[in-house]
Amino acid sequence: MKFNYRDFLDSKLSINSYMWPKNIDPFEFIETIIKSGIKNIGLHADFIEEFGVNKLKQELALNRINVTSINSVGYFTDPYYFKQNEKVLNFAKVLNPELICVISGGIMGGPNPVINEFVSTGNKLLIENIRRDSLNKINSLFEKASKLNLTLGIEPIGSWEILKKGHFNSISSCLKLVKNNNHKLIIDLYHSFTDIDLDTFVKKSPKLGLLQFSNVKFDENFRPTGRKSINNINNNNNLELSKYLTYVFKRNDNTKLEFEIFNTDIKYENPKLIIESLKDEVLSLF
């Protein structure tokens, strides 16, 4: 019996609103999702705020669009972003996502503004101490989310972004954090494509809540610097996306596949065309 990728894709494919330009009406993003026959969506806080959370809830309910993730809470090392957690949790109470993404924050705070270089302060990077200090904040966030009947998904962050993005960097370290509770992991291939546990975890672990995917952009020194859409999959240095997507298709659960790129990654591409062609682009991988 031939494996029917299209049927699985129809139920599992999601697109994150991070890709949507700020200068285009957010309603057009939802409109394009509907036109493309995509049934799931990932949302970030700025998009929700601009759309209006209650208006967005009505629009998604009307069109039977499921929310796979809301991004993000955590940022345990950053005083500004840490204070935004309550607001994001309140959005989640209204929109009822499958998961709320948890980003741990960088050793120097964060997230790092994509267009800005950060400057070293000359301080030592006390990574172990910072991780230890974050544990109480993580556990407190877990308890708060559980009381609200919300599920968190910790995202391991690629170690190359430890300064201004995240200080829990491996699947194994994040898995320890959710071992004794009902929360899960969000695996972003951009951050975890080098992780030694990736294949086994995505294939089998009941702690996988969501797989986010894109292709990976490398700089002239062969370092990962961002994400690429998958319509240029014949370029050099492509991830073997079909393998990881198939792992999720063959799981006996409801795990979704969320396409996540940022608007800064697609400066010269039409976001509407990317969304409208995404299903066919994914199917062409197999």
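Up top is the structure.
Predicted, not measured: the structure shown is a model, and the values here were computed from it.

Trainee: Just to check I follow, could you spell out empty space enclosed by the protein for this structure?
Mentor: Over the atoms a probe the size of a water molecule is rolled, and this reveals where empty space is left. One pass over the full model with this rule turns up two cavities of 30 Å³ or more. One number sums up the size of the largest cavity: a volume of about 70 Å³. Around the largest cavity, the lining comprises 13 residues; the ones closest to its centre are Ile103, Glu155, Lys165, Glu260 and Phe262. Among the secondary structure elements, those contributing two or more residues to the lining of the largest cavity are strand 3 (66–74) and strand 4 (99–103). Of the residues belonging to the lining of the largest cavity, the class tally is five nonpolar, three polar and five charged. Approximately 40 Å³ is the volume attributed to the second largest cavity. What lines the second largest cavity is Ser229, Ile230, Asn231, Phe259, Ile274, Ser277, Leu278 and Glu281. For the lining of the second largest cavity, the element with the most residues is helix 12 (residues 271–283), which contributes four residues. Taken together, the residues of the lining of the second largest cavity sort by class into four nonpolar, three polar and one charged.

Trainee: Would you take a moment to explain helix 11 (residues 241–249) for this structure?
Mentor: Because an α-helix packs 3.6 residues into every turn, residues spaced three or four apart end up facing the same way. Within helix 11, seven of the nine residues are buried, leaving the element largely enclosed by the surrounding structure. Inspection of helix 11 places Leu241, Tyr244, Leu245, Thr246, Tyr247, Val248 and Phe249 among the buried residues, and these make up the whole buried set.

Trainee: What is the right way to read unusual backbone geometry from this model?
Mentor: Where the residue is not glycine, phi is negative for most of them; where a peptide bond is considered, it is trans in most cases. Between Asn71 and Ser72 the backbone carries a cis peptide bond, its omega angle lying at -10°. Here Ser72 lies in strand 3. Positive phi, normally seen in glycine, also occurs at Arg64, with a value near 55°. Structurally, the position occupied by Arg64 is in the loop between helix 4 (53–62) and strand 3. For Arg64, a relative accessible area of 76% gives the class exposed. With phi around 60°, Asn149 is a residue other than glycine that occupies positive phi space. Structurally, Asn149 can be placed in the loop between helix 7 (127–147) and strand 5 (152–154). The exposure class assigned to Asn149 is exposed, which follows from its relative accessible area of 69%.

So, how was this worked out
- Residues numbered from 1 in each chain as written.
- Predicted model: local features only at pLDDT ≥ 70, side-chain atom pairs only at ≥ 80, totals over all residues.
- Heavy atoms only, no water.
- 1 Å grid on protein atoms, 1.4 Å probe; cavity = no way out; pocket = protein on both sides within 12 Å on 5 of 7 lines; lining within 4 Å.
- Points joined across faces, edges and corners; volume = space filled by probe spheres on them.
- Helix = DSSP H or I, 4+ residues; strand = E, 2+ residues; numbered from the N terminus.
- Nonpolar A, V, L, I, M, F, W, Y, C, P; charged D, E, K, R; others polar.
- Buried < 20%, exposed > 50% of the residue type's maximum accessible area, 1.4 Å probe, protein only.

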